[in-house]
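Coordinate inspection notes
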Amino acid sequence: MRSTSPSAIDSLFLAVLPARHALALADACARDDSLVERNDIRALWLMGAAHRAAGQPDEAERHLHKALERCRRANLVEMEANVLIDLARLRAAAGVMDEAQRLAQEAEVITGNSYIVPRGDAHLERAKLAFARGDKITAKDHAQKAKDLATCDGP
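Below or above, wherever it landed, is the structure these notes cover. (Residues numbered from 1 in each chain as written. Predicted model: local features only at pLDDT ≥ 70, side-chain atom pairs only at ≥ 80, totals over all residues. Heavy atoms only, no water.)

**Quick word on the side chain of His142**
Topologically, His142 is positioned in helix H7 (residues 136-150). Aside from chain neighbours lying at most four places away, what touches His142 is Glu108, His123, Arg126 and Ala127. (Helix = DSSP H or I, 4+ residues; strand = E, 2+ residues; numbered from the N terminus. Contact = heavy atoms within 4.5 Å.)

**As for unusual backbone geometry**
Positive phi outside glycine occurs at Asn75, with the angle close to 60°. Its place among the elements puts Asn75 in the loop between helix H3 (57-74) and helix H4 (77-93).

**Regarding helix H6 (residues 116-132)**
Over its 17 residues, H6 extends 24 Å from the first C-alpha to the last, a length consistent with the 24 Å expected when each residue adds 1.5 Å. Listed in full, the buried residues belonging to H6 are Pro118, Arg119, Gly120, Asp121, Ala122, His123, Glu125, Arg126, Ala127, Leu129 and Ala130. Next to the buried residues of H6 lie H4, helix H5 (97-111) and H7. Count one or two residues on from H6 and you reach Gly134, which has phi positive near 85°. (Expected span 1.5 Å × (residues − 1). Buried < 20%, exposed > 50% of the residue type's maximum accessible area, 1.4 Å probe, protein only.)

**Details of H3**
Between the first and last C-alpha of H3 there are 25 Å, a value that for 18 residues agrees with the 26 Å anticipated at 1.5 Å per step. Restricting attention to buried positions, one finds in H3 the residues Ala60, His63, Leu64, Ala67, Leu68, Arg70 and Cys71. Within two residues after H3, Asn75 carries a phi angle of roughly 60°, on the positive side.

Shown next as structure tokens:
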């Protein structure tokens, strides 16, 4: 979930329902291959992101940490970055800026040059954090990197 503006989702609480459904579907699947694990992790991440966007930090925390733990156990780096970004957003909303910065930076580092979208999201989150602490130069640098990654295949 990239945006939490009112125009993006009319009711943030509605985002929880489809995420809950995805989690239920993932749980209903047999657990005999990595695709199922990937689906479970994605559902946990989406559930956490939906709860974060809906302003339910405790539920968001629970689902995002579970998703992160399973990502690391299954070595799903591409999903781990998205989970870390949502955890950074959750920390920033709680005013824990140092932890938010650390999580966003970790997401950026683990994406390397392989996962363009999460890497761009990590730079965007770092730009917002730098701007919030008044570091406009760093904010502009990260915003430019995010823009460059977002337009790597053209406008």
